[in-house]
Amino acid sequence: MEQAYDTLGGQIWSKQTIAKLLKLFPEGQLCIAVDEKVVACSLSIIVDYDEYGDKHTYQMITGRYTFSTHDPNGDTLYGIEIFVSPEYRGLRLGRRLYEARKELCESLNLKSIIAGGRIPGYHEHADTLSPRQYIDKVKAKELYDSTLTFQLSNDFHVRKVLKNYLPGDHESKEFATLIEWNNIYYQGVDASARSAKTIRIGLVQWQMRLFPTMDAFYEQVEFFVDAVSGYKSDFIMFPEFFNTPLLQPYNHLPEMEAMRKLAELTEEIVIKIQEYAVSYNVNIISGSMPILEDNKLYNATYLCHRNGKTDEYRKIHITPNERKYYGMVGGDKIQVFDTDCGKVGILVCYDVEFPELSRIYADQGMQILFVPFLTDTQNGYTRVRRCAQARAIENECYVAIAGCVGNLPKVNNMDIQFAQSAVFTPSDFAFPTNAVKAEATPNTEMMLVVDVDLHLLDEIHHFGTVRILKDRRNDLYEVKLLK
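Residues numbered from 1 in each chain as written. Predicted model: local features only at pLDDT ≥ 70, side-chain atom pairs only at ≥ 80, totals over all residues. Heavy atoms only, no water.

Q: Honestly, helix 12 (residues 378–394) in this entry has me stumped. Any pointers?
A: For an α-helix, the turn length of 3.6 residues means that residues three or four places apart are oriented alike. Its 17 residues place the ends of helix 12 24 Å apart at the C-alpha level, agreeing with the 24 Å of an ideal helix rising 1.5 Å per residue. By the burial criterion, the buried members of helix 12 are Gly380, Tyr381, Val384, Arg385, Cys387, Ala388, Gln389, Arg391 and Ala392. Buried positions along helix 12 lie against helix 11 (355–363), strand 15 (368–373), strand 16 (398–407), strand 18 (422–424) and strand 19 (436–439). (Helix = DSSP H or I, 4+ residues; strand = E, 2+ residues; numbered from the N terminus. Expected span 1.5 Å × (residues − 1). Buried < 20%, exposed > 50% of the residue type's maximum accessible area, 1.4 Å probe, protein only. Contact = heavy atoms within 4.5 Å.)

Q: Where do I start with the pattern of salt bridges in this structure?
A: Opposite charge on two side chains lets them pair, provided their charged atoms get close. Tallied over the entire structure, the rule returns 28 salt bridges. A salt bridge links lysine 102 to glutamate 99, with the nearest nitrogen and oxygen atoms 3.3 Å apart. Placement of the pair is lysine 102 and glutamate 99 together in helix 3 (residues 93–107), with a separation of three residues, close to one helical turn. Residue class for lysine 102 comes out buried when judged on its relative accessible area of 5%. The salt bridge involving aspartate 475 is made with arginine 473; its shortest N-O contact spans 2.8 Å. For arginine 473, a relative accessible area of 39% puts it in the partly exposed group. Several salt bridges converge on common partners, so that one network encompasses Asp54, Arg159 and Glu180. (Salt bridge = Lys/Arg side-chain N within 4 Å of Asp/Glu carboxyl O.)

Q: What exactly am I supposed to notice about the packing of aromatic side chains here?
A: Aromatic ring pairs: the centre-centre distance and the angle between the two ring planes describe each pair. This model, assessed by the stated rule, comprises 25 aromatic pairs. The interplanar angle of 70° and the centroid separation of 5.2 Å between the aromatic rings of phenylalanine 223 and phenylalanine 224 together place this pair among those described as edge-to-face. Through a chain of ring-to-ring contacts, three or more aromatic side chains come together here, namely Trp206, Phe211, Phe217, Tyr218, Phe223, Phe224, Phe238 and Phe242. The cationic tip of arginine 314 hangs over the ring face of tyrosine 298; the distance from NZ or CZ to the ring centre is 4.5 Å. (Phe/Tyr/Trp six-rings, centres within 6.5 Å; stacked < 30°, edge-to-face > 60°. Lys NZ or Arg CZ within 6 Å of the ring centre and 35° of its normal.)

Q: Would you mind showing me how to read the nonpolar core here?
A: Side chains of a nonpolar character, in soluble globular proteins, are inclined to be buried together. Tyr313, Ile368, Phe370 and Ile401 are the most contacted members of the largest nonpolar core, which totals 53 residues. Here the element with the most residues in this core is strand 16; it accounts for six residues. What phenylalanine 370 contacts, discounting residues up to four positions off in sequence, is Ile201, Phe235, Met237, Ile285, Val344, Gly345, Ile346, Leu347 and Ala400. With 44 residues, the next largest nonpolar core counts Tyr218, Ala277, Tyr298 and Tyr302 among its residues. (Core = buried A, V, L, I, M, F, W, Y, C linked by side-chain atoms within 4.5 Å.)

Q: It is not clear to me how helix 4 (residues 131–139) should be interpreted in this structure. Could you clarify?
A: Among all positions of helix 4, only Pro131, Tyr134, Ile135 and Val138 are buried. An end-on view of helix 4 places all buried positions within 100° of arc, on one side of the element. In this fold, the buried residues of helix 4 make contact with helix 5 (148–153), strand 5 (157–163) and strand 6 (175–182). Just beyond helix 4, the residue with positive phi is lysine 141, at close to 65°. (Arc of directions from axis to C-beta.)

Q: Could you clarify how one ought to interpret the packing of helix 7 (residues 214–229) against helix 9 (residues 266–279) in this entry?
A: Between two packed helices, both the angle of their axes relative to each other and the distance between the axes serve to describe the pair. Interhelical geometry of helix 7 versus helix 9 gives an angle of 30° and a closest axis separation of 11 Å. As helix 7 runs across helix 9, the sense of the crossing is right-handed. Residues Met214, Phe217, Tyr218, Val221, Glu222 and Val225 of helix 7 touch helix 9, and the partners they reach there are Glu268, Ile269, Lys272, Ile273 and Tyr276. A per-class count over the contact of helix 7 with helix 9 returns eight nonpolar, no polar and three charged. (Axes fitted to C-alpha atoms, helices over the stretch in contact; angles between N-to-C directions. Left-handed = near helix turned anticlockwise from the far one by under 90°. Nonpolar A, V, L, I, M, F, W, Y, C, P; charged D, E, K, R; others polar.)

Q: Can you help me understand the sheet that holds strand 6 in this one?
A: In spatial order, the strands read 1-2-3-4-6-5; together these six strands make up an open sheet with mixed pairing. Each edge of the sheet is formed by a strand with only one pairing partner; in this case those strands are strand 1 (30–34) and strand 5. Here the average twist between neighbouring strands, direction ignored, is 25°. In the sheet, strand 2 (residues 37–47) pairs with strand 3 (residues 76–84) via eight bridges, with the strands oriented antiparallel. Within strand 3, the residue paired with isoleucine 45 across the bridge is tyrosine 78. Helix-sheet contacts for helix 4 involve strand 5 and strand 6, and the interaxial angle to strand 5 is about 155°. (Pairing = 2+ DSSP bridges.)

Given below as structure tokens:
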């Protein structure tokens, strides 16, 4: 890019920015490699074009260069950059990238490709021609412009002349063409083709009880899976450490050793829950369970997809209690999971009290945050609940929490529990006035089935009374993942 844009005075994307684009919209970032060396590149995002209209600037359409404007449910593929190494020009590589962009636009059923195009030859004629006159002469092939001529030959048409589009582009006198390629195969807006919108969530408020056998434990798990899936739920979530009644046979051991014995059962339990996910056609967040790896004990939860795939998340922040009694350590992977019902994040209990994690998830496109938790007192529950509500508001997403209730005698350090499972929403007119979509009866075993509308998240993000994610001062501060 430095070689291709040497006349722009160093205005190039950083390696970190391109890495962010790759994470945000990987299929939209294309390159051509020769002998494993990148020699041409095309960058793009999806936008809801009506929100920005024809008078936008490059800074506006890229969200001040943060790409917060990328909307997976938008209707337009917006070209951010396309450049070819000077060494490899003349090989029609730019044309290859344009063709690949068109194929992407068609495969995603997007209405068009739009981009702001430089007119680098204009400075040579600016004294005698207006931008419109210059463009007309390039169209008529009376003048040649290295960028515009290429775009016109690739079936793009000029929609408008933009002023002050790219500050610092002296060759174009800071003018640009708004170019467009229309997808003739566009089938109109079909939201279901890109992501489901009304999602049904089932939360299990699990009563702690002793189980005489593993079969009895599985029977109780399957009971809830069967009941919740009977309501055609898309997700079921069990609470944190919901399998700790199985510690009872090891109660004669110190807590740390007992928890390691329980970890020996985790693989078998996950396999069983994954079977339930497929057979009952529902995505299951498996609560959380201990897992032993390299002699380190983690608190892990599993997203068992109904298509047979399994994802794992390990609790990042370990409580003083977990560290003292079980010697647990925190995980180090933070990622949003793609599901057949949109992008979801998982945080386990204490994790939700750290706002940085969910903000990173929000930047990765999270729509629903699942929080399995285990709290023994109302104080602990209040921390989880209030923080979960804050996460829903500040990240413009839904947050579902599910916990254990009741007492568990004969299991050390697991004697009492308090919970009120709930689904929280952002706070605006489209949502309940208290930002609580639904909540269970406190300290009672039950299931909670709730519908959430992902369309409303799009609405609040673009047209809300306040737009928290869009109005962040990314020029002043940022939250970023270090590993």
